[in-house]
Amino acid sequence: RAGSPFQFLQVQKAGARGSVGLIRLQRPQALNALCDGLMEELRRALDAFEADAQVGAIVITGSDKAFAAGADIKEMQDKSFQQCYGGGGFLADWDRVATVRKPTIAAVNGFALGGGCELAMMCDIIYAGETAQFGQPEILLGTIPGAGGTQRLTRAVGKSLAMEMVLTGERISA
């Protein structure tokens, strides 16, 4: 992608009038795992679309196999809690999707796990394809969702199912 300002995203305007900002996560070798670089690029793309008067809505999507398989655990494994959760750390750009003033839509196919599930839930609307699978498997790594997942999941699916998903790591399908 020579000349592209994005390494981890494909960003374009779509629709007959170019009024839809389309952001496609592009880390297929890592099932679109959310690394620092991808999240920083996502923030830049969202900022650009929000400032563009021609864009009326923003769609975030991944591939057929994975919307986003979660945070990039390889990138996180050598970081301390403070490096991940402190100001300006690993999660610094994660809530940008939730603060965009234009409508945001998650178009989900395949895996939306952990941070990927949280990213989808930050959007105003989720369209789930037949292959979509949502889950919060952090418990299987000995931790819990860290970017608002427990609160958003409870609002999305109710307390009982949210507790089951968070405490067992089990997935739900579309």
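Quick look at the structure, then. Predicted model, so just to flag it, every value in this text is computed and none were measured. (Residues numbered from 1 in each chain as written. Predicted model: local features only at pLDDT ≥ 70, side-chain atom pairs only at ≥ 80, totals over all residues. Heavy atoms only, no water.)

Looking now at the overall build of the protein. From N to C terminus, the protein includes 7 helices and 9 strands. By residue count, 45% of the 174 residues in the protein fall in the buried class. In the protein, 63% of the contacts between residues at least 6 apart in sequence involve partners at least 24 apart. Summed over its atoms, the accessible surface of the protein is roughly 8,900 Å², and 53% of this surface lies on carbon and sulfur atoms. (Helix = DSSP H or I, 4+ residues; strand = E, 2+ residues; numbered from the N terminus. Buried < 20%, exposed > 50% of the residue type's maximum accessible area, 1.4 Å probe, protein only. Contact = heavy atoms within 4.5 Å. Areas by Shrake-Rupley, 256 points an atom, 1.4 Å probe, with all protein chains shown as cover.)

Another aspect to go through is unusual backbone geometry. Phi angles above zero are rare outside glycine, and Leu 31 is one such case at about 50°. Along the chain, Leu 31 falls in the loop between strand E2 (20-25) and helix H1 (36-51). According to the relative accessible area criterion, Leu 31 is partly exposed, its value standing at 27%. For Asn 32, which is not glycine, the phi torsion reads 60° and is therefore positive.

With that settled, the discussion passes to the sheet that holds strand E6 (residues 111-113). The sheet built from 4 strands is open, its strands ordered E4-E6-E8-E9 with mixed pairing. The open sheet has two edge strands, strand E4 (66-68) and strand E9 (171-173), and neither has a second partner. Averaged over all neighbouring strand pairs, the angle between strand axes comes to 20°, with direction disregarded. Direction of pairing for E6 relative to strand E8 (residues 133-135): parallel, over a ladder of 3 bridges. In the strand pairing of E8, Ala 112 is matched with Phe 134. Relative to E6, helix H5 (residues 115-122) is tilted by about 95°, and along the sheet it contacts E4, E6 and E8. (Pairing = 2+ DSSP bridges. Axes fitted to C-alpha atoms, helices over the stretch in contact; angles between N-to-C directions.)

For the rest of this paragraph, the subject is the pattern of salt bridges. Summed over all chains, the structure comprises 6 salt bridges. One salt bridge in this structure joins Glu 40 and Arg 44, with 3.2 Å as the shortest N-O distance. Here Arg 44 and Glu 40 lie together in helix H1, a separation of 4 residues that amounts to about one turn. Relative accessible area serves as the criterion here: at 31%, Arg 44 is assigned to the partly exposed category. For the salt bridge of Asp 47 with Arg 43, the shortest nitrogen-to-oxygen distance reads 3.1 Å. Of this pair, Asp 47 and Arg 43 are both found in helix H1, 4 residues apart, which corresponds to roughly one turn of the helix. Accessibility expressed as a relative area gives 26% for Arg 43, which makes it partly exposed. Taken together, the shared-partner salt bridges connect Glu 40, Arg 43, Arg 44, Asp 47, Glu 50 and Arg 96 into one network. (Salt bridge = Lys/Arg side-chain N within 4 Å of Asp/Glu carboxyl O.)

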